[in-house]
Amino acid sequence: AQTVTQSQPEMSVQEAETVTLSCTYDTSESDYYLFWYKQPPSRQMILVIRQEAYKQQNATENRFSVNFQKAAKSFSLKISDSQLGDAAMYFCAQDYGQNFVFGPGTRLSVLP
Amino acid sequence: EPEVTQTPSHQVTQMGQEVILRCVPISNHLYFYWYRQILGQKVEFLVSFYNNEISEKSEIFDDQFSVERPDGSNFTLKIRSTKLEDSAMYFCASSEALRGITYEQYFGPGTRLTVT
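What you are looking at is a predicted structure, and each value in this text was computed from that prediction instead of being measured.

Colleague: Teacher, can you tell me more about the interface of chain B and chain A here?
Modeller: Many analyses report the size of an interface as the accessible area lost when the parts associate. Chain B puts 25 residues into the contact, and the matching count from chain A is 24 residues. Buried surface at the junction of chain B and chain A, both sides included, amounts to about 2,100 Å², of which 49% is carbon and sulfur. The tally of links between chain B and chain A comes to one salt bridge. With a closest N to O distance of 3.5 Å, Glu104(B) and Arg50(A) form a salt bridge. For the pair chain B and chain A, the interface holds five residue pairs in polar contact (both at pLDDT 80 or more). Top element by residues in the side of chain B that touches chain A is strand E4 (residues 31–37) of chain B. It accounts for four residues. By residue class, the composition of the side of chain B that touches chain A is 13 nonpolar, seven polar and five charged.

Here you go:
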C-alpha cells in the first residue's frame with residue numbers, strides 16, 4: 001500500500017523567515033505526481049505546488065519550492081519569506097491510481 | 001475562477017438516519033472523488049467516479065455508502081444508516097484528467113457531518 005509520511009506534526013517560523021516541511025513516500029511506481037496542499041482554518045484544501053516524478057527539475061511557485069529527491073523518495077516543501085497567511089495545515093500527497101494518498105499533515109504556525 | 005461547491009456546510013443527524021451530501025464539481029471535469037477527514041486526522045480517500053460509475057473505492061466505502069451523479073452537474077454521497085464514527089469532514093473533489101501538466105484535484109470546502 002502507498003504511504004506518505006510527514007515526520008513533523010508541528011512547525012513554527014518567524015514571519016519573513018524560511019521554513020522547510022518534510023515529506024517521504026513509498027511507491028513502486030516510476031511515473032507519479034506529488035502535491036502539497038494547504039488547509040487553512042476554513043478547512044478548504046488548496047493546492048500549493050505540484051511535482052511530476054519524471055521531471056528532475058524542482059517545481060517552484062513564487063515563494064514555494066520543493067526539493068524532490070526521487071531516489072530517496074523525499075519531497076520537502078520550502079516556504080520563503082513566510083507570511084502570516086501561510087499559517088495552516090500542510091498535507092503532502094501522492095497520486096495512486098485515481099486517488100490521492102495524503103500524509104498526516106504538518107501544522108505550521110507563523111510568528112509575528 | 002471555477003470552484004467545487006458543497007452543500008450543506010454542516011449537517012447534524014441522528015445515528016441510523018440517512019444523509020445525502022451534495023457536490024457540484026467544476027463543469028468541464030470528468031473525474032469526481034469523495035474524501036473524508038475525521039477531526040485531527042489525515043484526509044482519507046473514499047471513492048472515485050468516472051463515466052457514471054465507480055472507478056475505485058477504499059475499504060472505508062462499504063455497503064452503507066453510495067454515490068450518484070443524478071444530473072449533469074451534481075455529485076452526491078449517500079450514507080444509508082449513519083454511525084457515530086461517520087462524523088467527519090467530507091470533501092468532494094474533481095479533476096479534468098488523470099495526467100498532464102495541469103493535473104490536480106480541486107477540492108470543495110467540505111461538509112461537516114455530525115452524527116449524534
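Colleague: I would appreciate a short explanation of the pairing of E4(B) in the present structure.
Modeller: Consecutive side chains along a regular strand alternate between the two faces of the sheet. Residues and elements named next belong to chain B. Where burial is concerned, most of E4 is hidden: seven out of the seven residues are buried. Here E4 shows a buried face lined by Tyr-31, Tyr-33, Tyr-35 and Gln-37 and a second buried face lined by Phe-32, Trp-34 and Arg-36. In this sheet, strand E5 (residues 43–50) lies alongside E4 in antiparallel orientation, the contact comprising seven bridges. Pairing of Gln-37 across the sheet is with Val-43, part of E5. Counted along the chain from E4 to the antiparallel partner E5, the turn is five residues long, and its residue Gly-40 has a positive phi close to 80°. Examined bridge by bridge, E4 and strand E9 (residues 88–95) share seven bridges and lie antiparallel to one another. The residue bridging Tyr-31 from the neighbouring strand is Ser-95, located in E9.

About the criteria used
One numbering rule holds for all chains: residues counted from 1, following each sequence as written. Each chain is given a letter, starting from A, and each ligand a number, starting from 1, according to the order in which they appear as written. Local features in this predicted model are restricted to residues whose pLDDT is 70 or higher, and side-chain atom pairs enter the listing and the counts only when it is 80 or higher, whereas totals over whole chains, interfaces and linings include all residues. Side-chain metrics rest on all non-hydrogen atoms present in the structure, leaving aside hydrogens and water. Residues are treated as being in contact if the distance between any of their heavy atoms lies within 4.5 Å. Defined in terms of a 1.4 Å probe, buried area is the accessible area two parts forfeit on being brought together, summed over both. For salt bridges, the criterion is a side-chain nitrogen of Lys or Arg within 4 Å of an Asp or Glu carboxyl oxygen. Polar contact is the term for a pair of N or O atoms within 3.5 Å; when the atoms are in protein, one must be able to donate a hydrogen and the other to accept it, and sequence-neighboring residues count only if both atoms are side-chain atoms. Under the DSSP-based scheme used, a helix requires at least four consecutive residues in state H or I and a strand at least two consecutive residues in state E, with every element numbered from the N terminus. Following the grouping adopted for this structure description, the nonpolar residues are Ala, Val, Leu, Ile, Met, Phe, Trp, Tyr, Cys and Pro, the charged ones are Asp, Glu, Lys and Arg, and the polar ones are all others, Gly among them. Between buried and exposed lies partly exposed: a residue is buried under 20% and exposed over 50% of the maximum accessible area for its type, with that area taken using a 1.4 Å probe on protein chains only. Paired strands are those between which DSSP finds at least two bridges.

By themselves, these observations are geometric and do not establish any function.
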